[in-house]
Amino acid sequence: MVITVPATSANLGPGFDTLGLALNLRNEIEIEKAEYTTIDIYGENAEYLKSLKRNYFVDIFNDIYKNLTGKTDSFSFKFNNKIPLSRGLGSSSAVIVAAITAAYEMAQVPYKKDKIINLALQYEPHPDNITPATLGGFCVAKLKKNRVYFLKKFIPTNLRAIIVIPKKTVSTAKSRSTLKTHYPLKDVVTNVSSTAMITAAFFSEKFDILRNVVEDKIHQENRMKIMPELFRVREIALREGALMSTLSGSGSTFFNLAYKDDAYSIYSSLKDNFKDFDVKILYFDNIGVKVYN
Ligand SMILES: Nc1ncnc2c1ncn2[C@@H]1O[C@H](COP(=O)(O)OP(=O)(O)O)[C@@H](O)[C@H]1O
Ligand SMILES: N[C@@H](CCOP(=O)(O)O)C(=O)O
């Protein structure tokens, strides 16, 4: 069995722990029953992942598989990773969602994708990566009494993502611990209104308005201070015609949304100005986690 899962860009600026979308940059995992467990890792951060005593995917897969079957069978795992770790592209969510889905598939227990999302919460307590990683598209998600409520919108094919990936890693957990717990009412209103406008823009496909309504007062400026170059990334992207330019998740990646006809000029300007960063033009993913038997 082969399972693939997309990278995700969460928050989209003001939509902290709420908004996220899926990118066509996918991890691929090949799993077969075996006489004894083997793990082969290729692609992004392969040497680091091979150096770890435990594998996050295998641990989650075995947990869920044992809960479903009562057994601890052996499997061969072959990872071909395209999502860089700890760069704000939802690598941990991709692992969680793929591992849970794979366990259900190998256990041959029927499931719906909302089951995957709600089970993933036990490993990642914010739904803004796990929801688009599971469903694809643009997702708005709310956590209430340990259950995720979500809506998904297909992202039209005339849009592109231009992502700027610094070498610097950011641990999401550590980054979250630095955030304030109390905010002035005016800042809260800024985030509420901006998040509502972004959601409405995606659902109505009225994207031009994004140039004027994306503001965040909760986390971005604080997080971007660890890499001041990111303020310049945003300035150049918006100058070159990006519809919105936001920190991707907890960072360090910056996410830029553009019409496909504007994407290359934004890409070129960013590539010319940030030679040490990896800059990519990506299609969006509207499928989410996918299984090929
Ligand atoms: N492909 C992978 N295989 C195994 N573990 C992974 C993989 N991708 C991510 N992880 C785990 O998730 C951690 C990164 O999670 P996190 O700090 O939330 O970064 P991100 O912003 O990419 O989600 C890694 O340190 C590793 O423990
Ligand atoms: N809402 C979360 C999103 C984290 O995304 P990641 O891709 O950095 O894991 C947060 O802002 O902490």
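Being a predicted model, the structure only gives us computed values, none of them experimental.

Caption draft 1: Representation of the site of ligand 2 in the model. Near ligand 2, the surroundings consist of 15 residues, among which Asn11, Asp17, Asp128, Arg223 and Ser250 are the closest. Asparagine 11 places a side-chain nitrogen or oxygen 2.8 Å from an oxygen atom of ligand 2. Note that a nitrogen atom of ligand 2 is positioned 2.5 Å from one of the side-chain N or O atoms of aspartate 17. Mapping ligand 2 onto the cavity grids shows that it belongs to the largest pocket. If you list the elements that add at least two residues to the shell around ligand 2, you get α5 (127–135) and α6 (172–177). Partitioning the shell around ligand 2 into residue classes produces three nonpolar, eight polar and four charged. In terms of domain composition, the shell around ligand 2 takes at least three residues from each of domain 1 (2–154 + 286–292) and domain 2 (159–282).

Caption draft 2: Just the sheet that holds strand β8 (residues 244–247), in detail. Strands sit in the order β8-β9-β7-β10 across an open sheet of four strands; the sheet is antiparallel. Unpaired on one side and paired on the other, β8 and β10 (278–282) mark the two borders of the sheet. The sheet shows a mean angle of 20 degrees between the axes of neighbouring strands, direction not considered. Here β8 runs beside strand β9 (residues 254–259); their pairing, made up of four bridges, is antiparallel. Counterpart to threonine 246 in the pairing with β9 is phenylalanine 255.

Caption draft 3: Highlighting the layout of surface pockets. Quantified by volume, the largest pocket comes out at close to 790 Å³. Lining the largest pocket are 44 residues, and of these Tyr56, Leu85, Ser86, Ser91 and Ser92 lie nearest its centre. When contributions to the lining of the largest pocket are tallied by element, the ones reaching two or more residues are β1 (2–10), β2 (19–33), α1 (46–51), α2 (56–69), β4 (75–81), α3 (91–107), α5 and α6. Counted by class, the lining of the largest pocket contains 22 nonpolar, 15 polar and seven charged residues.

Caption draft 4: A look at the site of ligand 1. The environment of ligand 1 is formed by 14 residues, the closest being Ser86, Gly88, Ser91, Ser92 and Thr172. Contact between ligand 1 and serine 92: an oxygen atom at 2.9 Å from a side-chain N or O atom of the residue. Contact between ligand 1 and threonine 172: an oxygen atom at 2.9 Å from a side-chain N or O atom of the residue. In the complex, 85% of the free accessible area of ligand 1, which totals 570 Å², lies under the protein chains. If you tally residues by element for the shell around ligand 1, the top one is α3, at three residues. Its residues assigned to classes, the shell around ligand 1 shows four nonpolar, nine polar and one charged.

About the criteria used
- Residues numbered from 1 in each chain as written.
- Chains lettered and ligands numbered in written order.
- Predicted model: local features only at pLDDT ≥ 70, side-chain atom pairs only at ≥ 80, totals over all residues.
- Heavy atoms only, no water.
- Near = heavy atom within 4 Å.
- Polar contact = N/O pair within 3.5 Å; in protein donor to acceptor, adjacent residues only side chain to side chain.
- 1 Å grid on protein atoms, 1.4 Å probe; cavity = no way out; pocket = protein on both sides within 12 Å on 5 of 7 lines; lining within 4 Å.
- Sits in = over half its atoms within 2 Å of the grid points.
- Helix = DSSP H or I, 4+ residues; strand = E, 2+ residues; numbered from the N terminus.
- Nonpolar A, V, L, I, M, F, W, Y, C, P; charged D, E, K, R; others polar.
- Domains from an automatic or database assignment.
- Pairing = 2+ DSSP bridges.
- Axes fitted to C-alpha atoms, helices over the stretch in contact; angles between N-to-C directions.
- Points joined across faces, edges and corners; volume = space filled by probe spheres on them.
- Areas by Shrake-Rupley, 256 points an atom, 1.4 Å probe, with all protein chains shown as cover.

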